[in-house]
Amino acid sequence: MWVLLRSGYPLRILLPLRGAWMGRRGLPRSLAPGPPRRRYRKEALPALEAPVLPVTTTEIRQYLRARGIPFQDGHSCLRAPSPFVGASKLKHQTGAASFSLFIDKTTGRFLCMTTLAEGSWEDFQASVEGQGGGAREGVLLSEAPEAEDSEEVRRIWARAIPLWELPESEEAQLARMMFGLTKVTDDTLKRFSVRYLRPARRLVFPWFSPGGLGLRGLKLLGAETQGDGVQYMETTIPRPGAYHNLFGLPLISRRDVEVVLTSRELDSLALNQSTGLPTLALPRGTACLPPALLPYLEQFRRVVLWLGNDLRSWEAAKLFARKLNPKRCSLVRPGDKQPSPLEALNQGLNLSRILRTALPAWHKSIVSFRQLREEVLGELSNVEQAAGVRWSRFPDLNRLLKGHRKGELTVFTGPTGSGKTTFISEYALDLCTQGVNTLWGSFEISNVRLARVMLTQFAVGRLEEQLDKYDEWADRFEDLPLYFMTFHGQQSIRTVIDTMQHAVYVYDICHVVIDNLQFMMGHEQLSTDRIAAQDYIVGAFRKFATDSSCHVTLVIHPRKEDDDKELQTASIFGSAKASQEADNVLILQDRKLVTGPGKRYLQVSKNRFDGDVGVFPLEFNKSSLTFSIPPKSKARLKKIKDDNGLVAKKPSSGKKGAMPQISETCSNQARNPNQPDLSKPSR
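If you're wondering where the values come from, they're calculated on a predicted model, not measured in any experiment. Within each chain, residues carry numbers counting from 1 in the order of the written sequence. Per-residue local features are limited, in this predicted model, to residues with pLDDT of at least 70; the limit for side-chain atom pairs, both in listing and counting, is 80 or more; totals at the level of whole chains, interfaces and linings are taken over all residues. Side-chain calculation: all heavy atoms of the structure are included, whereas hydrogens and water are not.

## Section: the sheet that holds strand β4 (residues 77-80)
Step number 1: With antiparallel pairing, the five strands of this open sheet are ordered in space as β3-β4-β5-β6-β7. Two strands in the sheet have a free side with no partner beyond their single neighbour: β3 (72-73) and β7 (118-119).
Step number 2: Two strands pair when backbone bridges link them, and strand β6 (residues 110-112) and β7 are joined in this way by two bridges, in the antiparallel orientation. Bridge pairing in β7 links Leu111 to Glu118. Should DSSP find at least two bridges between two strands, the strands are taken to pair. Where helices and strands are cited, they refer to DSSP runs of H or I of at least four residues and of E of at least two residues respectively, numbered from the N terminus.

Structure (structure tokens):
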């Protein structure tokens, strides 16, 4: 026998079989067709002289939007209403059935499932633009097989005998043994319509049109012993380049959401019989996954690729998964205990158990830009929305941080007694009043005391002096999406994270406040272990914020510093991990020892989203326990000597423009440390 291979397919096989020589397709001459002929499409459009430029997904979407054509985004194709379906027929289609046109995202080729019209992106554009007054110029029907091929297919199919009806004889036993079908039942063979061509000793697998309307082609499989193994020889009608048969497709229902892809029809028989799952065999095995087949695989949410038991099969599975969208694909890794499905059936292995070991082709920690491009476009198109929720009480905070965003970690610190809890409660209350679902974890003070502070800030006044209004404000406060953890003091990080995850799932929490880290950790660890424990807890909060798309504000005490020194990012207690993991670092600077009571300012020392850092003043209002609303009584002017001995007048907080002037000076000082800060008093 002489075999000439090209791309894994035999082009010429000369094999003596019952005295008849094999022709160009490996068939007896009585069944072999004449020389190959060129194919022509029905109503094909004239070829373009200029080279066709590749089309991108963005261009396809823009064209469909410009033409007012609705579409749905699929795994590898875009679905749209088909312009090749008549208006009367389209009227009776509803839901997903009306979106019967599939457009490949990569190539732009289209396929209409209703009319089987198919063609290139240029063909589709010409058909859409040529639709005027009911005209349908340039409609491309699916490539009809050559008349000679159709005749050959019918002749071979008529001569082939259903394998399950083959009389029990030595010939039947030899055929089943040669193809490894000794454990495949007659019901399975009947369900897949497998036949046997006795003159050529070959199995015949049919290619039915979608819906089983007609026979479009055949695949003939021959077997030959080589040493201890068996070599299979495939012959397709029509030629391999035009043979686009997903073997088993007529058995797939519209409700199936999972499918197993194999490289051989024999493997599909074994898998379907053993597991009962929908199975499809690729027409060209591991050599190629034609893009024309992708529309038929769009309905499946999960695709398992079990292509063989060698490295080539594994590499092909990974390559095919990229075409099919890796996020929905799983791969069966080849191995001694995970051979091909047919071999596994013959060895008595549990095929369902092997399928459960399939590895996901997509890793949650690895994405490509193609998966991110729409989100990037959304952020560029909606800059303000991408910046997050803006504060209503702290406009200067909006100027620096731009907004409060999900999935970030904010570290907040300040000296002991400076009002960290009071400020962060108003900070969170401001967001909560704007619809940001908030979960409070107060490990230092009780929830009753915290709720009292927040209610006072919400009412902007002390309610103990007007108890008759308590119910009114309490009712309004109760309507806020605000929740509290019941923990106090030392708690396990695992317990806290589980509670936060439950709150995110049940209450759609978007903002979690932890006050504060040291109280949650407790004081049982040694000093050397506390640093490592804090790093672990910070890492856990960082992971939770990213995985749950929830903003976490973490209050951490600073290490002991001199009262006359300002806190820096390095002043945060513990190692540098807290500031490194944080997206934002806020420091409440307390200058009351120098400037008098109530003089504080907030410093933004890290801003990963926008990069802007700076400071702005805060003035505490004791009556309302707020930092955003200045007190009614004007503070007395104080004269403070600067480093040169000059007298600088500090403007009163009641004057307009005082706070912006100081904020701008402090912001410039943060950006340019070499510039002298005139607002700094002498030591």
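## Some thoughts on the confidence of the model for the protein
Step number 1: Of the residues in the protein, 76% have a pLDDT of 70 or more, and the chain-wide mean is 78.
Step number 2: Think of pLDDT as the predictor's per-residue confidence, scored from 0 to 100. Should any heavy atoms of two residues lie within 4.5 Å, those residues are considered in contact. Segment residues 1-26 is flagged for pLDDT under 50; beyond a separation of four residues in sequence, or across chains, it makes 59 contacts in the model.
Step number 3: A low-confidence stretch, residues 633-683 (pLDDT under 50), is modelled with 52 contacts involving residues beyond four sequence positions or located in other chains.

## A look at the nonpolar core
Step number 1: Joining through side-chain atoms within 4.5 Å is the link that ties buried Ala, Val, Leu, Ile, Met, Phe, Trp, Tyr and Cys residues into a set, and such a set is a nonpolar core. The buried label goes to any residue with under 20% of its type's maximum accessible area, the exposed label to any with over 50%, and the partly exposed label to all in between, with areas taken from a 1.4 Å probe on protein chains only. Ranked by size, the top nonpolar core spans 36 residues in total, and within it Leu397, Phe412, Phe423, Trp440, Phe477, Leu602 and Leu618 carry the most contacts.
Step number 2: The set of elements that each furnish at least two residues to this core consists of α13 (395-401), α14 (420-432), α15 (447-459), α16 (470-478), β23 (584-590), β24 (599-607) and β25 (614-619).
Step number 3: In terms of residues, this core owes the most to one element, α14, which gives seven residues.
Step number 4: Membership of the second largest hydrophobic core comes to 33 residues, among which are Ile493, Ile497, Met500 and Ile509.

## Some remarks on the sheet that holds strand β10 (residues 202-208)
Step number 1: Spatial ordering of the open sheet is given by β8-β9-β10-β11-β12, a layout of five strands whose pairing is antiparallel. With partners counted over all chains shown, the strands left at the sheet margins are β8 (161-162) and β12 (229-237), one partner each.
Step number 2: As defined by bridge partners, strand β11 (residues 215-226) adjoins β12 across nine bridges and the pair is classed as antiparallel. By the bridge assignment, Thr225 is partnered in β12 with Val230.
Step number 3: Angles here are taken between N-to-C directions and fall from 0 to 180 degrees, while the axes themselves are lines fitted to C-alpha atoms, restricted in helices to the stretch in contact. Packed onto the sheet, helix α7 (residues 265-275) meets β10, β11 and β12 and runs at close to 80° relative to β10.

## Comments concerning a negative patch on the surface
Step number 1: A surface patch of like charges, here negative, comprises Asp471, Glu472, Asp475, Glu478 and Asp479.
Step number 2: Within the element layout of this structure, Glu472 appears in helix α16. Like-charged residues within 9 Å of one another, or nonpolar side chains (Val, Leu, Ile, Met, Phe, Trp, Tyr) within 5 Å, are grouped into patches, provided each residue has over 30% relative accessible area and no salt bridge. Computed with a 1.4 Å probe, the accessible areas rest on the Shrake-Rupley method; for each residue, only the protein chains presented here act as cover. Throughout this description, the term salt bridge denotes a Lys or Arg side-chain nitrogen within 4 Å of a carboxyl oxygen of Asp or Glu. Only four residue types enter the charge count: Lys and Arg as positive, Asp and Glu as negative, with His and the chain ends excluded. Throughout, a charge is located at the NZ atom of Lys, the CZ atom of Arg, the CG atom of Asp or the CD atom of Glu.

## Here's the deal with unusual backbone geometry
Step number 1: In this model, Ile237 is joined to Pro238 through a cis peptide bond whose omega is 5°.
Step number 2: Following the sequence through the fold, Pro238 ends up in the loop between β12 and β13 (258-262).
Step number 3: For the peptide bond that leads from Asp515 to Asn516, omega is -5°, which places it in the cis range.
Step number 4: Mapped onto the secondary structure, Asn516 falls in the loop between β21 (511-515) and α18 (517-521).
Step number 5: Even without being glycine, Asn325 reaches a positive phi, approximately 85°.

## Some words on the packing of helix α1 (residues 57-66) against helix α3 (residues 121-129)
Each pair of packed helices can be described by the angle between their axes along with the distance between the axes.
Step number 1: Running from amino to carboxyl end, α1 crosses α3 at an angle of 5°, the nearest separation of the two axes being 12 Å. Classed by the angle they form, the pair α1 and α3 counts as roughly parallel. For the pair α1 and α3, contact is made by Ile60, Tyr63 and Leu64 and by Trp121, Phe124, Gln125, Val128 and Glu129, respectively.
Step number 2: Gly counts as polar in this scheme, as do all residues outside two lists: the nonpolar Ala, Val, Leu, Ile, Met, Phe, Trp, Tyr, Cys and Pro, and the charged Asp, Glu, Lys and Arg. Residue composition of the contact of α1 with α3, by class: six nonpolar, one polar and one charged. The scheme is simple: roughly parallel for angles under 35 degrees, roughly antiparallel for over 145, roughly perpendicular for 65 to 115, oblique for anything else.

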